[in-house]
Amino acid sequence: MVVTLDDGYRDNLTNALPIAEAKGVPITVFVTSGILGDHHGLWWDRLGTLLRSRPPQVQEIDLPVGDRSVRLPLGSAGLRADLDSVRRHLLPLRVPEIERALDAVSEQWQVDSAPPPDAGTLTPEELLKLAASDTATIGAHTIDHVRLSDREASEQQDTIAGSKRELERSIGRPVSHFAYPFGRRDDFDDRSVDAVRSASFDTACTTIPGTARSSSDPYRLPRRLVMDWGRPRFRLQLQRWKLG
């Protein structure tokens, strides 16, 4: 069993690595190379801050999406539903467009949209510390954490192969494993798989539920998603998955 962690959060080094080393459990950390040292963090954390800070009188969001504005109702079904609704409209956009949309809403509402302190991302120096551990393997996760299926083949190739080059330059060793951002069936396509293969990665992980076996396609490996569960729930899930 291998534990995998996506995106490149600082707590992969400060929290996860000490536990993994103490337990002797190998971890693979898939790092979005373009966020290293970026104080803006990852856009979905900014979105969460923004929606939690929504002024009480605001019952909808005017979301700039490309060359148009989308108005979405907020508050009737709770924060999780609001997050899912807004996120669905942002996902097809390029990351700079998403950031501009969040900046515009932050200005409209006059609230802060900085990510929470526990959502900080790795710096280049912290990545080196993580990579220095015999317990941790560094994998790639694109440059910008874009939903690949929305991009042309050349753009996919650039962000996939580019993340491998940037991370190898940062840590001074080969990066052989990849994880598709978001990772569901509609988040990547055959062009994504071709780009991963042509970039000379050995494996690529999805978030499609399942157990990876020797017969699994190495470029479409399934994973088991672990949520913020307590120990009893986690043990139960391990038994259901027949991993523990």
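Just above sits the structure.
Figured I'd write up the structure that's included with this text. Residue numbers restart at each chain and count upward from 1, following the sequence in its written direction. Residues qualify for local features only when their pLDDT is at least 70, as the model is predicted, and side-chain atom pairs are given and counted only at 80 or more; totals for whole chains, interfaces and linings, by contrast, use all residues. Think of the side-chain values as coming from all heavy atoms in the structure, minus any hydrogens and water.

1. Thoughts on the overall build of the chain
Thinking step 1. Here a strand is any run of E in DSSP of at least two residues, a helix any run of H or I of at least four, and the numbering for each starts at the N terminus. Per the secondary structure count, the chain includes 8 helices and 8 strands.
Thinking step 2. Between the two quantities, the radius of gyration covers C-alpha atoms and the globule rule is 2.2 Å times the number of residues to the power 0.38. Relative to the 2.2 N^0.38 estimate, which gives 18 Å for 244 residues, the radius of gyration of the chain is 19 Å and therefore close to what a compact globule would have.
Thinking step 3. Counting only C-alpha atoms, the chain reaches 50 × 45 × 35 Å along its principal axes.
Thinking step 4. A burial count over the chain gives 46% of its 244 residues as buried.
Thinking step 5. Contacts: residue pairs with any heavy atoms within 4.5 Å of one another. The long-range fraction of contacts in the chain, counting pairs at least 24 apart against all pairs at least 6 apart in sequence, stands at 68%.
Thinking step 6. To measure how exposed things are, a 1.4 Å probe is used in the Shrake-Rupley method; for residues, cover is taken only from the protein chains shown. Split by element, the accessible area of the chain, about 12900 Å² in all, is 50% carbon and sulfur.
Thinking step 7. Counting rule for charge: Lys and Arg are taken as positive, Asp and Glu as negative, and neither His nor the chain ends is counted. A single reference atom marks each charge: NZ on Lys, CZ on Arg, CG on Asp, CD on Glu. Computed over 32 positive and 35 negative side-chain charges, the inter-centroid distance for the chain is 7 Å. Relative accessibility under 20% of the residue-type maximum defines a buried residue, over 50% an exposed one, and the middle range a partly exposed one, all with a 1.4 Å probe and only protein chains included.

2. A closer look at the packing of helix α2 (residues 43–52) against helix α4 (residues 95–109)
Thinking step 1. Packing of α2 against α4 brings their axes to within 11 Å, and their N-to-C directions diverge by 15°. For the element pair α2 / α4, the angle class is roughly parallel. Crossing angle aside, the handedness with which α2 passes α4 is left-handed. Mapping the contact onto sequence places W43, R46, L47, L50 and L51 in α2 and I98, E99, L102, D103, V105, S106 and W109 in α4.
Thinking step 2. Within the contact of α2 with α4, the residues separate by chemical class into 8 nonpolar, 1 polar and 3 charged. Interaxial angle, 0 to 180 degrees, is taken between N-to-C directions of lines fitted to C-alpha atoms, where a helix line uses only the stretch in contact. The labels follow the angle: roughly parallel below 35 degrees, roughly antiparallel above 145, roughly perpendicular from 65 to 115, and oblique for the rest. Left-handed is the label given to a crossing in which the near helix is rotated counterclockwise from the far helix by less than a right angle, and right-handed is the label when the rotation is clockwise. The classification used treats Ala, Val, Leu, Ile, Met, Phe, Trp, Tyr, Cys and Pro as nonpolar, Asp, Glu, Lys and Arg as charged, and all other residues, Gly among them, as polar.

3. A look at the packing of helix α6 (residues 153–171) against helix α7 (residues 190–198)
Thinking step 1. Contact geometry of α6 with α7 gives a least axis separation of 9 Å together with a crossing angle of 40°. Taken together, the axis directions place α6 and α7 in an arrangement best described as oblique. In the packing of α6 onto α7, the handedness of the crossing is right-handed. Along the contact surface, α6 presents A153, Q156, Q157 and I160, while α7 presents R191, S192, A195, V196 and S198.
Thinking step 2. Grouping the amino acids of the contact of α6 with α7 by side-chain chemistry returns 4 nonpolar, 4 polar and 1 charged.

4. Observations regarding the pairing of strand β3 (residues 60–65)
Thinking step 1. Across the two faces of β3 the burial differs, with I61, L63 and V65 buried and E60, D62 and P64 not buried at all.
Thinking step 2. The sheet contact formed by β3 and strand β4 (residues 68–73) spans 6 bridges and is antiparallel. Pairing of D62 across the sheet is with R71, part of β4.
Thinking step 3. Between β3 and β4, which follow one another and run antiparallel, lie 2 residues, and G66 among them has a positive phi close to 65°. In this analysis, strands are considered paired if DSSP registers two or more bridges between them.

5. Regarding α2
Along an α-helix, residues three or four apart share an orientation, since each turn contains 3.6 residues.
Thinking step 1. The element α2 is extensively covered by neighbouring structure, given that 9 of its 10 residues are classed as buried.
Thinking step 2. Every buried residue of α2 is listed here: W43, W44, D45, R46, L47, G48, T49, L50 and L51.
Thinking step 3. Residues of α2 that are buried make contact with β1 (3–7), α3 (79–90) and α4.

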